[in-house]
Amino acid sequence: MCLAIPARVTELLADDMARVSLDGVTKLVSVALVEDVRVGDYIVLHVGYALAKIDEAEAERTLALLQEAASAAGPVGAAP
C-alpha cells in the first residue's frame, strides 16, 4: 500500500527542490512534477516527490484524519 501525505512548503531551493514541513519535521523533496509551487503551499508528497498542490483546507482535513487513525491504532509496538 502506498501513502501520499500533505506537507507545507517552507522554502524553495535550486534545481526544483523544496524544503517541506511534516508535523514539524522538515524534509528535502523534489517539486519538479508540480508547476508554480510557492512557499506556504501544501503539496501531496509521496516518496520524496510532490505530486500535486492541494488547498489548505483539504490538507488540514487529511492531516486530521491521519492523526485520528494513528491515535486509534495506539502506540507503535503495542500488543493488539
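Residues numbered from 1 in each chain as written. Predicted model: local features only at pLDDT ≥ 70, side-chain atom pairs only at ≥ 80, totals over all residues. Heavy atoms only, no water.

## Structural notes on the overall build of the protein
Phase 1: Regarding its fold elements, the protein presents one helix and five strands.
Phase 2: Counting from the amino terminus, the protein carries its helices and strands in the arrangement β-β-β-β-β-α.
Phase 3: Seen through its principal axes, the protein has C-alpha atoms that stretch 45 × 25 × 25 Å.
Phase 4: Relative to its full complement of 80 residues, the protein shows a buried share of 22%.
Phase 5: Once local pairs closer than 6 in sequence are excluded, the contacts in the protein between residues at least 24 apart make up 35%.
Phase 6: As presented, the protein carries roughly 5,600 Å² of accessible surface, and 57% of it is formed by carbon and sulfur atoms.
Phase 7: Distance from the positive charge centre (6 side chains) to the negative charge centre (12 side chains) of the protein: 2 Å. (Helix = DSSP H or I, 4+ residues; strand = E, 2+ residues; numbered from the N terminus. Buried < 20%, exposed > 50% of the residue type's maximum accessible area, 1.4 Å probe, protein only. Contact = heavy atoms within 4.5 Å. Areas by Shrake-Rupley, 256 points an atom, 1.4 Å probe, with all protein chains shown as cover. Lys, Arg positive; Asp, Glu negative; His and termini not counted. Charge placed at Lys NZ, Arg CZ, Asp CG, Glu CD.)

## Side note on the pairing of strand β2 (residues 17-22)
Phase 1: Of the two faces of β2, the one holding Ala18, Val20 and Leu22 is buried and the one holding Met17, Arg19 and Ser21 is not buried anywhere.
Phase 2: Bridging between strand β1 (residues 5-13) and β2 involves five bridges; their strand directions are antiparallel. Residue pairing in the sheet places Arg8 in a bridge with Ser21 of β2.
Phase 3: The turn linking β1 back onto β2 is made up of three residues, and Asp15 within it adopts a positive phi angle of 60°.
Phase 4: The antiparallel pairing of β2 with strand β3 (residues 25-30) creates a hairpin that spans two residues between the two strands, and Asp23 there sits at a positive phi of about 55°. (Pairing = 2+ DSSP bridges.)

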